[in-house]
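Chain by chain, the residues:
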Amino acid sequence: MLRSALPQAVRALSTTASSSSAIRVVQSTSHNVHANLAYEDKLFEECVKDRRSALYLWSNDPAVVIGKYQNPWLECNLPYMAANGIALSRRRSGGGAVYHDRGNLNCTFIVPQAIIERKYHLDILAAAINDEWGLSVAVNERHDLVLNGKKISGSAFKMSGKTASHHCTLLLNSQLEPLRQSLRSGLTGAITSRSVASVRSSVMNLANVQPMSVDDMCAVVAEGYQAAYGARCAPELVDPLQQMAAIADSYNEFTTWEWQRGSPAFTFKQSYESPAGPVTILIDVDTKSRITRAATIPAIAAVDEALRHCRFHEHDLLAASKPLLAAHPWLHTLATTIGP
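Parameters at a glance
- As a convention, each chain's residues are numbered from 1 in the sequence order in which they are written.
- Two thresholds apply to this predicted model, a pLDDT of at least 70 for residue-level local features and 80 or more for giving and counting side-chain atom pairs, whereas whole-chain, interface and lining totals are computed over all residues.
- Side-chain measures were taken over the full set of non-hydrogen atoms in the model, leaving aside hydrogen atoms and water.
- The numbering of helices and of strands both runs from the N terminus, where a helix is a DSSP run of H or I of at least 4 residues and a strand a run of E of at least 2.
- Buried residues are those whose accessible area, probed at 1.4 Å on protein chains only, stays under 20% of the maximum for their type, while exposed residues exceed 50% and partly exposed ones sit between those limits.
- What makes two residues a contact is simply this: any of their non-hydrogen atoms within 4.5 Å.
- Note on geometry: axes are lines fitted to C-alpha atoms, helical ones only across the stretch in contact, with angles between N-to-C directions running from 0 to 180 degrees.
- Roughly parallel refers to an angle under 35 degrees, roughly antiparallel to one over 145, roughly perpendicular to one between 65 and 115, and oblique to any angle outside these ranges.
- For any helix crossing, the convention is left-handed if the near helix is rotated counterclockwise from the far helix by under a right angle, and right-handed if that rotation is clockwise.
- Under the scheme applied here, ten amino acids are nonpolar (Ala, Val, Leu, Ile, Met, Phe, Trp, Tyr, Cys and Pro), four are charged (Asp, Glu, Lys and Arg), and all others, including Gly, are polar.
- Here, any two strands with at least 2 DSSP bridges between them count as paired.
- Looking down the strands as they point away from you, a crossover is right-handed if its path from the first strand over the helix to the second goes clockwise.
- Points on a 1 Å grid, built from protein atoms alone, make a cavity when a 1.4 Å probe fits but cannot get out and make a pocket when they are open with protein on both sides within 12 Å along at least 5 of 7 lines; residues with an atom within 4 Å of a point are the lining residues.
- Grid points are joined across faces, edges and corners, and a volume is the space filled by probe spheres set on the points.
- The term salt bridge refers to a side-chain nitrogen of Lys or Arg lying within 4 Å of a carboxyl oxygen of Asp or Glu.

Observations regarding the environment of A294
Position of A294 among the secondary structure elements: in strand 16 (residues 291-297). The exposure class assigned to A294 is buried, which follows from its relative accessible area of 8%. Separated by eleven residues in sequence, A294 and I283 have C-alpha atoms that sit 4.5 Å apart. In this structure, A294 is in contact with L282, I283, D304 and L307, ignoring residues within four places of it in sequence.

Thoughts on the packing of helix 11 (residues 314-321) against helix 12 (residues 330-338)
One can describe the packing of helix 11 onto helix 12 by two numbers: an axis separation of 8 Å at closest approach and a directional angle of 165°. On the basis of their axis angle, the class for helix 11 and helix 12 is roughly antiparallel. Relative to helix 12, helix 11 is oriented so that their crossing is right-handed. In contact with E314, L317, L318 and S321 of helix 11, helix 12 contributes L331, H332, A335, T336 and I338. Its residues assigned to classes, the contact of helix 11 with helix 12 shows five nonpolar, three polar and one charged.

Points about the pairing of strand 2 (residues 53-58)
On a regular strand, each side chain points to the face opposite its neighbour's, so the side chains alternate between the two faces of the sheet. Burial analysis of strand 2 places six of its six residues in the buried class, the great majority of the element. Residue alternation in strand 2 divides its side chains into two sets, S53, L55 and L57 and A54, Y56 and W58, and both sets are buried. Examined bridge by bridge, strand 1 (residues 23-28) and strand 2 share five bridges and lie parallel to one another. Bridging across to strand 2, V26 finds its partner in Y56. Taking the sense of rotation as the criterion, the β-α-β connection linking strand 1, helix 2 (residues 33-50) and strand 2 turns out right-handed. The pairing of strand 2 with strand 6 (residues 104-111) spans five bridges and is antiparallel. Within strand 6, the position partnered with Y56 by the bridge is T108.

Quick word on the layout of surface pockets
Of the voids in this model, the largest pocket is the one considered here, and its volume is about 860 Å³. If you go around the largest pocket, you meet 39 residues; those closest to its centre are G96, A97, V98, K151 and V199. Of all elements in the fold, only strand 5 (98-100), strand 6, strand 9 (150-153), strand 10 (155-160), strand 11 (163-171) and helix 6 (176-182) reach the threshold of two or more residues within the lining of the largest pocket. Of the residues forming the lining of the largest pocket, the biggest block, four residues, is contributed by strand 11.

What about the sheet that holds strand 16?
Sheets are built from strands paired through backbone hydrogen bonds, the pairs being either parallel or antiparallel. Spatially, 12-14-15-16 is the arrangement adopted by the four strands of the open sheet, whose pairing is antiparallel. Edge positions in the sheet fall to strand 12 (191-193) and strand 16, since each of these pairs with one other strand and no more. Sheet twist, expressed as the average angle between the axes of neighbouring strands with direction ignored, equals 15°. Of the strand pairs in this sheet, strand 14 (residues 266-274) and strand 15 (residues 277-285) are connected by nine bridges, and their pairing is antiparallel. Across the sheet, F266 pairs through a bridge with V285, a residue of strand 15.

Describing empty space enclosed by the protein
This model, assessed by the stated rule, comprises two cavities of 30 Å³ or more. Considered as a void within the structure, the second largest cavity measures approximately 70 Å³ in volume. Lining of the second largest cavity is provided by L37, E40, D41, F44, R91, R92, S93, K158, S165, H167 and F254. The set of elements that each furnish at least two residues to the lining of the second largest cavity consists of helix 2 and strand 11. For the lining of the second largest cavity, the leading source of residues is helix 2, giving four residues.

Let's talk about the pattern of salt bridges
If you walk through the whole model with that rule in mind, you get 13 salt bridges. Residues D61 and R102 are paired through a salt bridge, measuring 2.7 Å at the closest nitrogen-oxygen approach. A residue pair is termed long-range when its members are at least 10 positions apart, and D61 in the loop between strand 2 and strand 3 (63-66) and R102 in the loop between strand 5 and strand 6 qualify at 41 residues. Overall, the relative accessible area of 49% leaves R102 in the partly exposed class. Linked through salt bridges whose partners overlap, the residues forming this network are R24, K42, E46 and E236.

This is the structure in structure tokens:
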């Protein structure tokens, strides 16, 4: 991509800084999703302070990362994830849920300008991939990268003051069955919420059409980024887990149940078979994912009272309903369906 094609705000940035200081390319050696997201926060703040642009490259062990305004019970299969060691995390930007593993590369572009063309960095990625491997990757109207009609990358954006962040995924050689299972909620008909819903798309791995590794893609993306910005820099390898003192606040927040599960308030409604006949339960859940009201139909006062003020969480619900399980075994199904 020619430097003249840069958005004006980015072009101004690269002309006012020396080629040695205008940009940074940072690659994480950690695969811990919470640490990588916390380091992204740190890098963002450094770019705000230094008025520099940065590219951050990172890859995680299996995880689902949801958008800031999403409901994890609607976006994920939490019981499946817990049974298969797949982490849940929530990022600070909006957008939809994405599956990560070591066959997926995450790219974060940080620009110290409030106005940035959202498509620009996707054009950098598409051009770099197409030039290197002779493919026909394109950007669609939803700011996804697509190849042969299938999605290989999704994006999310964040603005803070005069700094913009755009991060996206690249499916290189991800495990698609865990991806599909992790992003297939079993509660979509049971929950009513105003949370942001993901848009489901058919996906594919780039390695299906062109063998490549995450390291190969890191090198190609870093080169394309530097060429587009008309500046050079030495890539920085960092291990966020070795910088815990600098990222502790963000890391600790990202690992809390309240951050991961906290969602716009929602209502859960489900029917079960019990020894006394069918029973329906309605549960109101607040923004901290705690139950504010439980109402059974027909009314079972002991159940309604036991569940009120619990976290909407398998272990908490089982503990609260333990004295009632013998008479109401459907409570066990309720709890395990919700998951941890």
